[in-house]
Structure formats: C-alpha cells, structure tokens
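An overview of the molecular structure
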Amino acid sequence: MRMSPLCIFSPRILHPRGSHTAAGPFVPPCPPLDQEKVKELQRFISLSKRLLVMTGAGISTESGIPDYRSEKVGLYARTDRRPIQHVDFVQSAKTRQRYWARNFVGWPQFSSHQPNAAHLALSSWERLGKLYWLVTQNVDALHTKAGSQRLTELHGCMHRVLCLHCGEQTPREVLQERFETLNPTWRAEAHGVAPDGDVFLTEDQVRSFHVPSCAKCGGPLKPDVVFFGDTVNHDKVDFVHVRVKEADALLVVGSSLQVYSGYKFILAAHEKKLPIAVLNIGPTRSDQLACLKLDFRCAEILPLIAPW
C-alpha cells in the first residue's frame, strides 16, 4: 500500500505520564508539550489541502465543560451518574420532568460557556481555507460561538429544542423563559454539573417542577440532541460520509471515539487510506489507525499550528 505523504514520518504514541497538571478542573493530566510533536502536527496540517476535523468533549473541557470518560475527572470517574437514555425520555413524563428541572437549573451556567483557544484556532483555519469541514460530537455550540460555519453538529445542539410530535423547533432561551413563567416560586440548588448542562437535584426538588408543552401542538419537548440509545439522522450521516470522501486528511481533536456514531467515520477514512492524526489526552479507539497520536491539551497545541 502506498503511504500518504502526510504519514511519511515515524510517529510515537504518547500517553499521559508524570505529574504535569493540566489547566482546569475537568482536564486530565498530560505531559508537557513536546516541540517535536508540534512540528509533526504542523507537517500533517501543512500537507493537507482538504482537512476534515472531528472534535469531541475533550476540546471543551478547557472551557469548563466536563466530559464523560476522562480518567479521574470525567463524569463516569467522579460520580455514578449516567446520561439519560432516549427511550426513557420519550416514554416517561416523570423522566422528562426530572430532566428539564435539572436542565433548567444548569442552563444559565451551561449556556454561558465560551470557546477556548482550540475552538478559535479551528475557526481561523476555516477562514484561511485550511479546514475543509468540521464535524463535532459536542452539543455545546462552542464552535458556532467561535465562528465556525463549515460545521456539522453530529449529535445536535442543546441551544435548540424540538417538539417530539410536530417537530417545531424553538431556541432554548425561549423555553427558559417559559420555565420561569410556569415556576415563579420554584427554587433548587444545583449539586455538581454534567457534560450536557444537567445538574444534580433530589427527587423532592424535582417533584413540584412544571414542564411546558409545545406552544404549537401541545406535544412533549426535547433538546435537539441525540440522547444515548438514539441514532443520528441518516441524512446527516450520509452528508458526513460525503465530506470524508472529499477530504484528504482527518484530524481527531479531543475525542476517545468510544461512541460508534463518530468512530465509523474514522473507519471510513481509514478505508479510504486517508492519513489520520489524533489529538486527545489518553488512549482512543482509533490509535492504531492513526499515523500521529498526541496526548496534549487542545487549546495548548492548536494555536501553535500555522494553517498553511
């Protein structure tokens, strides 16, 4: 098999070790930045003319949003909490009440998060013509806030709300105002925070919370996101597959790729013999498919890369 020119160097797989402390409470420890690895990533980027980037929760941890799986600092490591399942949300009004009460409390903080240097770097790569397309598994809208436009939000976005019956879409901020109107005296103190803006509340706190229905048809409301156990829209999947076929290299940023909805695009890129680079603290599902693996903070290394 002919090796792509983007992979002619001989990369070493780096894994976290030592006591170097990363920035922020939700960023796992990682090694100090290695300038040789910076040069290898620069070469990878420079040789690409149609770069596709896929991002995950690890790009947003430096903006103060926790992820699920990071060692010691992810939600799974810190608590026994697990994300809501799609079937539970759809079938149970009580589950929806609990979800929306927690989301109502967490929304002001979650919606206030701002893009960090990694989001801004990718946005600048797009403006300068280096980044061909960006696919994110995140639902936090930070890429949009950073100015990215050639963007597919694979799992949707928490800043939009859908009616499960008629499909009417409304901004999440509008729903927050309706929550406040329906619950003028309801108060609850948040305990902890989850990656999707959820917070931890007791059942007693949740019981008296009122949830509005769709203003158009009266149906139940759901965030415009793919919950665990649900599937990504087929048209969106097909669209991303086309972008993979059009790309000449793929860079994974801040994702362990444990969720198959994202990992399958890495498999497609590998089958197409695209060079793949992975920037993520800790091992990922696609390390063996990558010609370059880097275990550094996204916001530390991406701003150092010149997009040409």
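Residues numbered from 1 in each chain as written. Predicted model: local features only at pLDDT ≥ 70, side-chain atom pairs only at ≥ 80, totals over all residues. Heavy atoms only, no water.

Looking only at helices and strands, the chain has eleven helices and eleven strands in total. Scored against the burial criterion, the 308 residues of the chain give a buried share of 55%. When contacts within the chain are restricted to residue pairs at least 6 apart in sequence, long-range pairs at least 24 apart make up 73% of them. Split by element, the accessible area of the chain, about 14,100 Å² in all, is 52% carbon and sulfur. (Helix = DSSP H or I, 4+ residues; strand = E, 2+ residues; numbered from the N terminus. Buried < 20%, exposed > 50% of the residue type's maximum accessible area, 1.4 Å probe, protein only. Contact = heavy atoms within 4.5 Å. Areas by Shrake-Rupley, 256 points an atom, 1.4 Å probe, with all protein chains shown as cover.)

This part covers the sheet that holds strand β9 (residues 249-253). Ordered in space as β3-β2-β1-β9-β10-β11, the six strands form an open sheet in which the pairing is parallel. Since the sheet does not close on itself, it has two edges, and those belong to β3 (151-153) and β11 (292-294), each with one partner. Adjacent strand axes in the sheet meet at a mean angle of 15° when their direction is disregarded. Most of the contacts of helix α5 (residues 117-127) go to strand β2 (residues 131-136), to which it runs at about 145°, and overall it touches β1 (51-55), β2 and β9. Running at roughly 150° to β9, helix α10 (residues 260-271) makes contact with β1, β9 and β10 (276-279) of the sheet. (Pairing = 2+ DSSP bridges. Axes fitted to C-alpha atoms, helices over the stretch in contact; angles between N-to-C directions.)

It is worth spelling out the confidence of the model for the chain at this point. Mean pLDDT for the chain: 87, with 84% of residues reaching 70 or above. In the predicted structure, residues 1-22 sits below a pLDDT of 50 and forms 49 contacts with residues beyond four places in sequence or in another chain. Considering only residues more than four positions removed or in separate chains, one finds that residues 73-78, a stretch of pLDDT under 50, has 28 contacts. (pLDDT = per-residue confidence, 0-100.)

A separate point is the sheet that holds strand β8 (residues 221-225). Pairing within the open sheet is antiparallel, and its three strands lie in the order β5-β4-β8. Both edges of this open sheet fall to β5 (169-171) and β8, since each of them pairs with a single strand only. For this sheet, the mean angle separating the axes of adjacent strands, direction not counted, is 40°. The pairing of strand β4 (residues 156-163) with β8 spans five bridges and is antiparallel. Among the inter-strand pairings, G156 is bridged to a residue of β8, identified as V225. Contacting β4 and β8, helix α4 (residues 93-112) runs over the sheet at an angle of about 140° to β4.

Let us look at the environment of F265. Along the chain, F265 turns up in helix α10. Note: C-alpha distance between F265 and V244 (21 residues apart in sequence) is 7.2 Å. In contact with F265, not counting residues within four places along its chain, are M54, L154, V237, V240, H241, V244 and L250.

Within the structure shown, the criterion is met by ten salt bridges. Note that E40 is salt-bridged to K37, the shortest N-O span being 3.1 Å. One end of the pair, E40, and the other, K37, are both in helix α1 (residues 35-47), three residues apart, so they sit about a helical turn from each other. Classification of E40 by relative accessible area gives buried; the value is 16%. (Salt bridge = Lys/Arg side-chain N within 4 Å of Asp/Glu carboxyl O.)

Let us look at the UniProt feature "active site" (unreviewed entry) in the chain. Here the UniProt-annotated "active site" (unreviewed entry) positions come out as H155. As for its placement among the helices and strands, H155 is situated in the loop between β3 and β4. Each residue touching H155, except ones within four places of it in the same chain, is listed here: T136, Q137, V139, D224, V225, V226, V232, V259 and S261. (UniProt positions renumbered as here; feature names shortened; annotations may be inferred.)

For the rest of this paragraph, the subject is empty space enclosed by the protein. A full pass over the atoms with the stated rule returns two cavities of 30 Å³ or more. Along its surface, the largest cavity is lined by T136, N138, V139, D140, A141, L142, H143, T144, L151 and E153. Mapped by element, the contributors of at least two residues to the lining of the largest cavity are α6 (142-146) and β3. A total of three residues in the lining of the largest cavity trace back to one element, the largest contributor, which is α6. The residue inventory of the lining of the largest cavity, partitioned by class, reads four nonpolar, four polar and two charged. (1 Å grid on protein atoms, 1.4 Å probe; cavity = no way out; pocket = protein on both sides within 12 Å on 5 of 7 lines; lining within 4 Å. Points joined across faces, edges and corners; volume = space filled by probe spheres on them. Nonpolar A, V, L, I, M, F, W, Y, C, P; charged D, E, K, R; others polar.)

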